[in-house]
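Structure at a glance
The chain contents come next:
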Amino acid sequence: MDASPKPTCRIVKPGHTYEGKQGLSYFEGIAAETVGAKGICMHVLTMPPGARAKAHLHESHETAIYMLSGQAHTWYGDRLENHVIVHAGELFYIPAGVPHLPANLSNAPCTAIIARTDPSEQESVVLLPELDGLVEV
């Protein structure tokens, strides 16, 4: 007989934060750790003015971002050779395994909802310190 509890719906109020390997502070959201998610995580990220992440990628996991407010610059590609600015109201997709580095170069905070196909969120993060110096912000 299976003694594991039956999955059920849950509300998560983003109140607690955690420090990601990427160097940013995230509001705790939907993840394996909070609700027992099996195939997705979703959390809220607010980047203060001047904040920047460490260059990284997510092994085998896709990322979808919806920018709620403000704007964020993101460099991406094998040598961070590509650049986009994601504005409030826009969605941004990052395929699995693509190196990227986001930064808030404005004088106001920016806030985004981030969803990944990795339920444990931080497990697939691979830091790429050899790329950090390629972007001067």
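Conventions and cut-offs
- Residues numbered from 1 in each chain as written.
- Predicted model: local features only at pLDDT ≥ 70, side-chain atom pairs only at ≥ 80, totals over all residues.
- Heavy atoms only, no water.
- Helix = DSSP H or I, 4+ residues; strand = E, 2+ residues; numbered from the N terminus.
- Rg over C-alpha atoms; globule rule 2.2 N^0.38 Å.
- Buried < 20%, exposed > 50% of the residue type's maximum accessible area, 1.4 Å probe, protein only.
- Contact = heavy atoms within 4.5 Å.
- Areas by Shrake-Rupley, 256 points an atom, 1.4 Å probe, with all protein chains shown as cover.
- Lys, Arg positive; Asp, Glu negative; His and termini not counted.
- Charge placed at Lys NZ, Arg CZ, Asp CG, Glu CD.
- Core = buried A, V, L, I, M, F, W, Y, C linked by side-chain atoms within 4.5 Å.
- Pairing = 2+ DSSP bridges.
- Axes fitted to C-alpha atoms, helices over the stretch in contact; angles between N-to-C directions.
- Patch = residues over 30% accessible without salt bridge, like charges linked within 9 Å, V, L, I, M, F, W, Y side chains within 5 Å.
- Salt bridge = Lys/Arg side-chain N within 4 Å of Asp/Glu carboxyl O.
- Disulfide = S-S within 2.5 Å.
- UniProt positions renumbered as here; feature names shortened; annotations may be inferred.

- As recorded in an unreviewed UniProt entry, the protein goes by the name Cupin domain-containing protein, listed as coming from Rhizobium rhizophilum.

1. Examining the overall build of the protein
- Within the protein, the secondary structure is distributed over 2 helices and 11 strands.
- The order of α-helices and β-strands along the protein, N terminus first, is β-β-α-β-β-β-β-β-β-β-β-β-α.
- Rg of the C-alpha trace for the protein: 15 Å, near the compact-globule value of 14 Å for 137 residues, within the 12% margin.
- Taking all 137 residues of the protein together, the buried fraction comes to 39%.
- Of the contacts formed within the protein by residues at least 6 apart in sequence, a portion of 70% connects residues at least 24 apart.
- Total accessible area on the protein is roughly 7700 Å²; 58% of this is exposed by carbon and sulfur atoms.
- Looking at charge distribution, the protein has the averaged site of its 9 positive side-chain charges lying 8 Å from that of its 15 negative ones.

2. Focus: the nonpolar core
- Judged by nonpolar contacts, the single largest core of 15 residues is most densely connected at L24, L45, M47, I65, M67 and I114.
- Looking at this core, the elements with two or more residues in it are strand 3 (41-47), strand 5 (63-69), strand 8 (91-94) and strand 10 (110-116).
- Of the residues forming this core, the biggest block, 3 residues, is contributed by strand 10.
- The contact partners of M47, leaving out residues within four places of it in the chain, are L24, R52, P102, A103, N104, P109 and C110.

3. Describing the sheet that holds strand 10
- In spatial order, the strands read 1-2-3-10-5-8; together these 6 strands make up an open sheet with antiparallel pairing. Edge strands, defined here as strands with exactly one partner in the open sheet, are strand 1 (17-19) and strand 8. Strand-to-strand twist of the sheet, defined as the mean angle between neighbouring strand axes without regard to direction, takes the value 30°.
- Sheet topology note: the strand 1/strand 2 (residues 25-30) ladder contains 3 bridges and is antiparallel. Residue E19 lies in a different strand from strand 2, and its bridge partner there is S25.

4. Description of a nonpolar patch on the surface
- Taken together, the side chains of Y66, L68 and L91 present a nonpolar region at the surface, about 310 Å² in accessible area.
- Assignment of secondary structure puts Y66 in strand 5.

5. Let's talk about the state of the cysteines
- Going through the model one piece at a time under the given rule, you end up with 0 disulfides.
- You can see C9 has no disulfide; the closest cysteine sulfur is in C41, sitting 19 Å from it.
- This cysteine, C110, is not joined by any disulfide, and C41 carries the nearest cysteine sulfur, 18 Å off.

6. Let's talk about the UniProt feature "domain: Cupin type-2" (unreviewed entry) in the protein
- This chain's UniProt record puts "domain: Cupin type-2" (unreviewed entry) on residues 44-113.
- Here residues 44-113 is 0% helix and 54% strand, with 5 Å between the C-alpha atoms at its ends.

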